[in-house]
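# Descriptive structure summary
Listed here are the chains, written in short residue letters.
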Amino acid sequence: RIMYLVTTAQIVTVNSTGILLPSTPLVGRRYIMLQNLGVVTIYIGGTMVTANTASTGGFQLLPYGTWRESYTNNNSVYGRTESNNCQILVQEGK
């Protein structure tokens, strides 16, 4: 099991438009972890992520759920909701 150091942590408000998570990604990021802090589903994906179950629909991060992804490059991660604002904790590490 590989352990990474948490380098940044911030709370971001996600809404019905695609929001970059975080707004300025950590250069050289090796992982990102997200925790939904609200009661609505947040859809996680790329720049064109939609808040539904269509082919462009993102991974559904359920209320109070977590999601973690390892990277070998600086991929962008976006989040959006169907309509309501929701806060998400974003942690990145190297």
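Residues numbered from 1 in each chain as written. Predicted model: local features only at pLDDT ≥ 70, side-chain atom pairs only at ≥ 80, totals over all residues. Heavy atoms only, no water.

## What about the environment of Y31?
Within the secondary structure, Y31 sits in strand β3 (residues 31–36). For Y31, a relative accessible area of 4% corresponds to the buried category. Y31 sits 38 residues away from E69 along the chain, and the two C-alpha atoms are 5.6 Å apart. (Helix = DSSP H or I, 4+ residues; strand = E, 2+ residues; numbered from the N terminus. Buried < 20%, exposed > 50% of the residue type's maximum accessible area, 1.4 Å probe, protein only.)

## Quick word on the packing of aromatic side chains
In total, this model carries one aromatic pair according to the counting rule given. Aromatic pair F59 and W67: ring centres 6.2 Å apart, planes at 35 degrees, arrangement tilted. Between the NZ or CZ atom of R68 and the centre of the ring of Y31, over which it lies, the distance is 4.6 Å. (Phe/Tyr/Trp six-rings, centres within 6.5 Å; stacked < 30°, edge-to-face > 60°. Lys NZ or Arg CZ within 6 Å of the ring centre and 35° of its normal.)

## Points about unusual backbone geometry
Residues L21 and P22 are joined by a peptide bond in cis, for which omega reads -15 degrees. Inspection of the secondary structure puts P22 in the loop between β2 (19–20) and β3. Not every positive phi belongs to a glycine, and Y64 is a case in point at roughly 65 degrees. Within the secondary structure, Y64 is located in the loop between β5 (59–61) and β6 (66–70).

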